[in-house]
Amino acid sequence: MFPTPIEKRSRAAQITYQSLLPLALILWLLPLIAVMLFSIRPFSDFGAGNYWGMPSSFEFFTNYGRVFFESDMPRYLMNSVLITVPTVVGAVALSCMTGFALGIYRFRGNLLIFFMFIAGNFVPFQILMVPVRDLTVNMGLYDTKLGLVLFHIAFQTGFCTLFMRNFIRALPYELIEAARVEGVAEWRIFWFVVLPLMRPAIAALAVLVFTFIWNDYFWALVLTQGPGAQPVTAGITSFNSQYVAQYHLMSAGSIVAAIPPVAIFFLMQKHFIAGLTLGAVK
Amino acid sequence: MTDTSRDTATWMQRNRMTVTPILFLLPGLLFFTVYVIIPIFQSFQISLYDWDGLGAATYVGLENYRELGTDRNFEISLWNNVRWLALYLLAIPMGLFIALFLNQTVVGIRLYKSLFFFPFVLSQVVVGLVFSWFYLPREGLLNAVLQFFGLGTVNILGDPDLATYGIIAAGLWPQTAYCMILYLTGLNAVDPEQVEAGRLDGAKGWKMLWYVILPQLKPATFIAFVVTIIGALRSFDLISVMTNGGPFGSTRVLSFYMFEQALGEYGFRMGYGSAIAVVLFLIMLVFIGYFLWQMWRDERAARHG
């Protein structure tokens, strides 16, 4: 193990390390801690210039209550859910299939198609922006959740295919050959042999795509405009212009907007990290 | 069963190794082509037109690109992209440093690792908001700390010379967390025997890191480079949230300037915007080409090795 395990070092080193850990963490999360502290203060504190002293009262419930009951925030959150969940399902389903095709079969153009998916996944969004917006407007899907979902599924398929194909490549190929010798139809091999083995990959991708899509801002800006379809990342800016300079509400609002992916991350950490490393770093 | 159906069955049977992959690829490929591949070419085409997105488009040839050559804002954006690229790469050594710091087995270390990684899970919009409040001249914690140490206040996002660096610092926060997790996973897989062998040869500290550990972390470093470079060139959300390109347009980057031209409040210049997008795309293509070449080499090595 590198660096040298701390338990093999001197007692003094161990104590220093143990006390450095929380200190470093507080420093690392300082900007976030500041926002959390803001979100439980009463408005009057800001007028009185009491930013960092003791809060004059503890207003956790008032501030978060107002975010939930007096603003469009719940609607934005609901939109985010209705955009994110179908995208996750769609992108994972499509990429299970593309990954299977590219990972199992040998045919001309296999690698070319695979690299096209990877390359497309890296392009700047701006090169797609005008045509995709045009296409969405022409389909009558501008400012709808479906318009966003369709684009997100398409774009995420690039990344998901990369992931799925590499995962399937690493499966024992003898299993598939054995099934073929038994005369099992190809689609049955996909459904009964390969798919059950892909469960960890599906979990990892689902968690990852959920976070990516929930946090998307650019496409929300390009393809939607009102509380009817806007997800929470875009909604938060309208929320903030509604409560200009009311830092206690703005900070509570952004914490609420951030909670779902954070919760998913803490619940499914193992899958999340497996996904992030693209399966390339074992 | 009729004859024809038996014929199709046998045809399917004979060609199943060709037909199956095509059928499985079709839906994904269709989506991807319509929404990603074709739009790239369309953008190239639109960049040759003068178009407001609604009326008729006028063909202007390379006029849009000629205009870019004299556009001061384009130049500023390009330079800011260079700053983003150069400074964003700091996330890699910083991530490695934190990963080495956290690669221990003391009680509660798992929670520490998750909490250090945590900024990456936040959306860039939230990161942008958190940092713009952190930088506030009056209410911000940064200035409160500076004053505590007897230093003057700075208005980072209000100063055209500092604002871009302030935004990049905000971007480095989640990016460092990402690189950290890549290296933590990589460090897990480092061969303990090689480390022992290195120790017996008297390698310690920096030498051990440089000659024994880093070569084994190569896959992690490669991915860290890929995601950091792509992330740097994609920076949009933070700029939009923190400064909206200001003050005086000093924080624009190509991706943001493109959006401003094509969909911003100054009118819809789709053609000109597309020309900016094409330039950004070509810059990115250099990196994408390099990444793909690397992956292709690995792929070939895996096949023949």
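Residues numbered from 1 in each chain as written. Chains lettered and ligands numbered in written order. Predicted model: local features only at pLDDT ≥ 70, side-chain atom pairs only at ≥ 80, totals over all residues. Heavy atoms only, no water.

As annotated in an unreviewed UniProt entry, chain A carries the name ABC transporter permease and is attributed to Roseicyclus marinus. According to UniProt, the comment filed for chain A under the heading Subcellular location (unreviewed entry) is "Cell membrane". Turning to chain A, the UniProt annotation filed under Sequence similarities (unreviewed entry) states: "Belongs to the binding-protein-dependent transport system permease family." (UniProt positions renumbered as here; feature names shortened; annotations may be inferred.)

### Quick word on the nonpolar core
Within the largest apolar cluster, 196 residues are counted, with the highest numbers of intra-cluster contacts made by A:Leu128, A:Met129, A:Trp219, B:Phe117 and B:Ile213. When near neighbours in sequence (up to four residues on either side) are disregarded, A:Met129 contacts A:Phe218, A:Trp219, A:Val222, B:Met258, B:Phe259, B:Ala262 and B:Leu263. (Core = buried A, V, L, I, M, F, W, Y, C linked by side-chain atoms within 4.5 Å. Buried < 20%, exposed > 50% of the residue type's maximum accessible area, 1.4 Å probe, protein only. Contact = heavy atoms within 4.5 Å.)

### Points about the domain arrangement of chain B
Residues and elements named next belong to chain B. For chain B, the assigned domains read domain 1 (41-70 + 269-305) and domain 2 (83-252). Listed per partner, the contact involves seven residues of domain 1 and eight residues of domain 2. For the pairing of domain 1 and domain 2, the buried interface totals around 700 Å² over both sides, and the portion due to carbon and sulfur atoms is 94%. The three residues of domain 1 that bury the most area against domain 2 are Met-284, Phe-287 and Phe-291, which together make up 68% of that side's buried surface. For the interface between domain 1 and domain 2, the tally reads zero salt bridges. Connecting domain 1 to domain 2 are zero residue pairs in polar contact (both at pLDDT 80 or more). Looking at the side of domain 1 that touches domain 2 residue by residue, the classes come out as six nonpolar, one polar and no charged. (Domains from an automatic or database assignment. Buried area = accessible area lost by both parts, 1.4 Å probe. Salt bridge = Lys/Arg side-chain N within 4 Å of Asp/Glu carboxyl O. Polar contact = N/O pair within 3.5 Å; in protein donor to acceptor, adjacent residues only side chain to side chain. Nonpolar A, V, L, I, M, F, W, Y, C, P; charged D, E, K, R; others polar.)

### Focus: the side chain of A:Ser71
All names here are of chain A. With respect to the helices and strands, Ser-71 occurs in the loop between α4 (60-69) and α5 (73-104). Among the polar contacts listed, one links the side chain of Ser-71 to the backbone oxygen of Val-67, at a separation of 2.6 Å. Engagement of the side chain of Ser-71 in a polar contact is seen with the backbone nitrogen of Met-73, the distance being 3.1 Å. Every residue in contact with Ser-71, bar those within four places of it in the chain, is listed here: Arg-66, Phe-239 and Tyr-243. (Helix = DSSP H or I, 4+ residues; strand = E, 2+ residues; numbered from the N terminus.)

### Describing the packing of helix α3 (residues 72-88) of chain B against helix α8 (residues 163-188) of chain B
All names here are of chain B. Two elements in contact, α3 and α8, have axes separated by 10 Å at closest approach and are oriented at 40°. Accordingly, the angle class assigned to the pair α3 and α8 is oblique. Judged by the twist between their axes, the crossing of α3 over α8 is right-handed. On α8, the residues touching Asn-80, Arg-83, Trp-84, Leu-87 and Tyr-88 of α3 are Thr-164, Tyr-165, Ile-167, Ile-168, Gly-171, Leu-172 and Gln-175. Considered class by class, the residues forming the contact of α3 with α8 number seven nonpolar, four polar and one charged. (Axes fitted to C-alpha atoms, helices over the stretch in contact; angles between N-to-C directions. Parallel < 35°, antiparallel > 145°, perpendicular 65-115°, else oblique. Left-handed = near helix turned anticlockwise from the far one by under 90°.)

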